Amino acid sequence: MSEKLIGIGASNGIKIGTAYLYKPVTVNSKIERETIEESEISNELNRLENAKENSYDELELLIEKVKESLDTENIGIIKTQLEFLNDPSFIPEIGKKIEKNKYTAEKAIQEVVNFYSNLFAGMKDEYLRERGSDIKDIGKRLLRNLVNEKSNQLSEINEKVILVTDDLTPSDTVQLNKEFVQAFVTRIGGKTSHTAILARTFDIPAVLGMGDNMAIIQNGDILIIDGNSGICIVNPDQDEIEDYQRKAEQEFESAKLLKEYINKQAITKDGYQIEIAANIGNPEEAKIALEKGAEGIGLYRTEFLFMNNDHLPTEEEQYQAYKMASETMKEKPLIIRTLDIGGDKELSYFTFPKEMNPFLGYRAIRLTLDRKDIFITQLRAILRASAYGNVKIMFPMISSLAEFRSAKAIYEEAKKQLRDEHITFDEKIELGIMIEIPSAALLADQFAKEVDFFSIGTNDLVQYTLAVDRMNEKVAYLYDYFHPAVLQLIQKTIEASHQAGKWTGMCGGMAGDPVAAPILIGLGLDEWSMDASSISKIKQVISRLDRSSCKLLVEDIFQLGTVEEIRAKLKEFYDSI
Ligand code: PEP
Ligand code: MG
């Protein structure tokens, strides 16, 4: 019988397909038992031997599959893993730990793999450093095979599926073969989690934050995913399948209509032009953004370069990435945000302190001010890339003027170093801040005297203004950028910038929401930056609005006290255009 589950619609689109359950294993996953009795040693050695054999078979099979796709890089990685399994000391060393220390096979694998991966991570040679991640991968494979779990590496998906998992880390998402993964369903995460952002970038429908209800989904179940309304139907009946097939066709038709807006400018009926930009997470996405009609990049989230790595990217590695984005965008603006790590974004090679409230803790600018070495390396790389295009820099999570001034001092130091070294960069580069903490919005008039621009990050501004964790599905119903308190902070920010002759952009999710467009026009937002997949829709909506009625709408809305009243008013307005 079919079962309808409700989650959070985080990336639009409808898909009907087969469920693929993905349970990631990490080398340091918690293990239930660490030691054994003397009498269990031979059994434990047998388990290790079986896991080795199964891992070996898996890798051989994988090589055959990959050979068909001529992916030489992946073949190399798989061969290295096979070499580890055959290595005269690697598996025997695990065996010795079982015999001598009376460890379970799991514990012995963890110890040996961690020892080698740390050893490799500390090496100067880049090639050897990378072997650290190969050994972790082989460790994961052995651990999985110890409990006889079917292979569920994301990169091994080779038929069309709907991916069902607890959560996806950014590196998981990068491994995904977008050709085969038709949609995502996750237990945790909301509209602004990074899984959601990536899903929208790649146009993959997603229903997130399903909570424990998701447990009823079995491998191979037929699923209908409706990312527009956050619905997941498990084992639908024939009527439901036909109904959603029709909806999917309609959607396909309206997407065709929107295409004509891709290369148009965003101009209201009364001739007011708006700059439409895209958010990206890596330089390759800049090309996708241009293809989807972006007139600039309003937010380049540089943390992905750090997250998809096994070491802190060097100045040169960062410079190459930023330069590539800059050259792709040419004279069009490219706003590069300095490292925003912490919160839900971790680095496998960097130990974060254990915190009660990571989103309120050691994150973003706080971390880079504390780790000046990381900050200055990144600033030098961005400044060097500024010689190749129209780069601007912005700092995330600024909460006070003192913090901005400290960051700016380091930025000036980076500039001075480059000048002393006769390295060119754009001397007129603009420096801005994100407005994503209420204290910064409240002090916007003071900030406006010292910065070149603001970019409002509604994803965090909402969570900090309303005290609602952006990742927590239990309180997702409270998370709303149409809350009057959030709207007042947005208004205050835009007005303060205009009074000082500066400009304000928005790179949080609100900028890509068609229903929010009339308010943002009425408030005079200058630059809108969104997931590239939202651009044509927003351009279409803007072309149907006129500025004077949007201003009147804003006046009405600021008289209302609740989200519900505001949403009702907006819906009425939206339906009328
Ligand atoms: C935001 O907070 O709105 C934002 C754009 O930044 P991020 O989603 O990367 O935290
Ligand atoms: Mg943010």
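Given the structure is predicted, the values throughout are model-derived calculations rather than measurements. (Residues numbered from 1 in each chain as written. Chains lettered and ligands numbered in written order. Predicted model: local features only at pLDDT ≥ 70, side-chain atom pairs only at ≥ 80, totals over all residues. Heavy atoms only, no water.)

## Regarding the sheet that holds strand S3 (residues 14–22)
Put simply, the rule is: Only strands joined by at least two bridges in the DSSP assignment are considered to pair. The secondary structure listing takes helices from DSSP runs of H or I that are at least 4 residues long and strands from runs of E that are at least 2 residues long, numbered from the N terminus. Between the N-to-C directions of two axes lies an angle of 0 to 180 degrees, each axis being a line fitted to C-alpha atoms and, for a helix, fitted only over the stretch in contact. We call two residues contacting when some pair of their heavy atoms lies within 4.5 Å.
Taken together, 8 strands build an open sheet; the order of strands is S1-S8-S7-S3-S4-S5-S6-S2 and the sheet is mixed. Looking at which strands have only one partner, the edges of the open sheet turn out to be strand S1 (3–6) and strand S2 (8–11). Averaged over all pairs of adjacent strands, the angle between their axes in this sheet comes to 30 degrees, without regard to strand direction. By the bridge criterion, 5 bridges tie S3 to strand S7 (residues 222–226) in an arrangement that is antiparallel. Note that in S7 the partner of Ile16 across the bridge is Ile224. The sheet contacts of helix H7 (residues 194–201) involve S2, strand S5 (181–186) and strand S6 (206–208), and relative to S2 the element is tilted by about 50 degrees.

## With respect to the coordination of the magnesium ion (ligand 2)
For clarity, the cut-off: In this listing, donors mean N, O and S atoms no farther than 2.8 Å from the metal, or 3.2 Å for Na, K and Ca; water is missing from the atoms, so a site can look incomplete. Burial classes: relative accessible area under 20% of the type maximum marks a residue as buried, over 50% as exposed, and values in between as partly exposed (1.4 Å probe, protein chains only).
Bound to the magnesium ion (ligand 2) on the protein side are Glu436 (OE) and Asp460 (OD), at distances that span 2.0 to 2.1 Å. Note that Glu436 is positioned in the loop between strand S14 (430–435) and helix H15 (438–442) and Asp460 in helix H17 (residues 458–466), a separation of 24 residues in sequence. Considered together, Glu436 and Asp460 belong to a single accessibility category, that of buried residues.

## Some remarks on the pairing of S3
Relative to strand S4 (residues 161–165), S3 runs parallel, the two sharing 4 bridges. Bridge assignment links Tyr20 to a residue of S4, and that residue is Leu163.

## Section: the packing of aromatic side chains
Put simply, the rule is: Between 30 and 60 degrees the pair is tilted, below 30 it is stacked and above 60 it is edge-to-face, where a pair is any two Phe, Tyr or Trp rings, Trp via its six-membered ring, whose centres lie within 6.5 Å.
Evaluation of the coordinates by the stated rule reveals 11 aromatic pairs. Centroid distance Phe90 to Tyr116: 6.3 Å. Interplanar angle 65 degrees. Geometry classified as edge-to-face. Placement of Phe90 in helix H3 (residues 90–101) and of Tyr116 in helix H4 (residues 105–121) is noted, with a sequence separation of 26 residues between them. The exposure classification of Phe90 matches that of Tyr116, with both residues buried. Summarising the aromatic geometry, the rings of Phe395 and Phe404 are spaced 6.1 Å apart at their centres and angled 55 degrees between planes, so their arrangement reads as tilted. No difference in accessibility class separates Phe395 from Phe404, as the two residues are buried. An aromatic cluster of three or more residues is present, and its members are Phe84, Phe90, Phe115, Tyr116 and Phe120.

## Structural notes on the pattern of salt bridges
This is how the line gets drawn: The term salt bridge refers to a pairing of a side-chain nitrogen on Lys or Arg with a carboxyl oxygen on Asp or Glu at a separation within 4 Å.
One pass over the full model with this rule turns up 39 salt bridges. Linking Arg337 and Glu303 is a salt bridge whose minimum nitrogen-to-oxygen distance equals 2.6 Å. Here Arg337, found in strand S12 (residues 333–337), pairs with Glu303, found in helix H10 (residues 303–307); they are 34 residues apart in sequence, far enough to count as distant. Both residues of the pair, Arg337 and Glu303, belong to the buried class. Here Lys323 makes a salt bridge to Glu327, at a shortest N to O gap of 3.9 Å. Highlighted residues: Lys323 and Glu327, both in helix H11 (residues 315–329), separated by 4 residues, approximately one helical turn. The buried category is assigned to Lys323, whose relative accessible area is 17%. Exposure remark for Glu327: the relative accessible area of 38% places this residue in the partly exposed category.

## Remarks on the site of ligand 1
Stated precisely, the cut-off is as follows: Throughout, near means a residue has at least one heavy atom within 4 Å of the molecule or strand. Under the rule applied, a polar contact is a pair of N or O atoms within 3.5 Å (in protein, one hydrogen donor and one hydrogen acceptor; residues adjacent in sequence only if both atoms are side-chain atoms). Accessible surface is estimated by sampling points in the Shrake-Rupley manner with a 1.4 Å probe; for residues, cover comes only from the protein chains shown. Three classes are used, and their members are as follows: Ala, Val, Leu, Ile, Met, Phe, Trp, Tyr, Cys and Pro are nonpolar, Asp, Glu, Lys and Arg are charged, and the others, Gly among them, are polar.
Lining the immediate environment of ligand 1, one finds 16 residues, of which Arg301, Arg337, Gly457, Asn459 and Arg470 sit closest. Within the side chain of Arg301, one N or O atom sits 2.8 Å away from an oxygen atom of ligand 1. In the environment of ligand 1, an oxygen atom lies 3.3 Å from a nitrogen or oxygen atom belonging to the backbone of Gly457. Against a free-state accessible area of 290 Å², the protein chains account for coverage of 100% of ligand 1. Secondary structure elements with two or more residues in the shell around ligand 1: strand S11 (297–301) and H17. When residues of the shell around ligand 1 are assigned to their parent elements, the largest contribution, 3 residues, is made by H17. Looking at side-chain class alone, the shell around ligand 1 contains 3 nonpolar, 5 polar and 8 charged residues.

## Notes on helix H18 (residues 484–499)
Owing to its 3.6 residues per turn, the α-helix aligns residues three or four sequence positions apart on the same side. In plain terms, the rule: To estimate how far a helix should reach, multiply one less than its number of residues by 1.5 Å.
Spanning 16 residues, H18 covers 22 Å between terminal C-alpha atoms, matching the ideal 22 Å at 1.5 Å per step. Of all the positions in H18, only Pro484, Val486, Leu487, Leu489, Ile490, Thr493, Ile494, Ala496 and Ser497 are classed as buried. Residue Gly501 follows H18 closely and has a positive phi angle near 75 degrees.

## Thoughts on unusual backbone geometry
Backbone geometry follows two general trends: most residues other than glycine have a negative phi, and most peptide bonds adopt the trans configuration. One non-glycine residue, Lys102, lies in the positive phi region at around 55 degrees. Here Lys102 lies in the loop between H3 and H4. Relative accessible area serves as the criterion here: at 29%, Lys102 is assigned to the partly exposed category. For Ala467, which is not glycine, the phi torsion reads 55 degrees and is therefore positive.

## As for the nonpolar core
Rule in force here: In these notes, a set of buried Ala, Val, Leu, Ile, Met, Phe, Trp, Tyr and Cys residues joined through side-chain atoms within 4.5 Å is what counts as a nonpolar core.
In terms of nonpolar packing, the biggest core is built from 105 residues, with Phe395 and Trp528 touching the most fellow members. The element that contributes the greatest number of residues to this core is helix H13 (residues 372–385), accounting for 8 residues. Discounting residues that sit within four places of it in the chain, Trp528 has contacts with Ile274, Glu275, Ile276, Ala277, Met506, Ala511, Ala517, Leu520, Ile521, Ile538 and Ile542. Ile41, Ile78, Leu82 and Tyr103 belong to the second-largest nonpolar core, a separate cluster that totals 29 residues.

## Focus on H4
Between its first and last C-alpha atoms H4 spans 24 Å; for 17 residues at 1.5 Å apiece the expected length is 24 Å, and the two agree. All of the buried residues along H4 are Ala105, Glu106, Lys107, Ala108, Ile109, Gln110, Val112, Val113, Tyr116, Ser117 and Phe120.

## Description of the packing of H17 against H18
Two quantities define a packed helix pair, namely the angle between the axes and the distance from one axis to the other. Note the threshold: Angular relationships are summarised with four words: roughly parallel below 35 degrees, roughly antiparallel beyond 145, roughly perpendicular across 65 to 115, and oblique for the angles in between. Should the near helix be turned anticlockwise from the far one by less than a right angle, the crossing is left-handed, and should it be turned clockwise, the crossing is right-handed.
At a minimum axis distance of 10 Å, the contact between H17 and H18 shows a crossing angle of 125 degrees. In terms of orientation, H17 and H18 fall into the oblique class. In the packing of H17 onto H18, the handedness of the crossing is right-handed. Side by side, H17 and H18 meet where Thr458, Leu461, Val462, Thr465 and Leu466 of the first sit next to Ala485, Val486, Leu489 and Ile490 of the second. Here the contact of H17 with H18 is built from residues that sort into 7 nonpolar, 2 polar and no charged.

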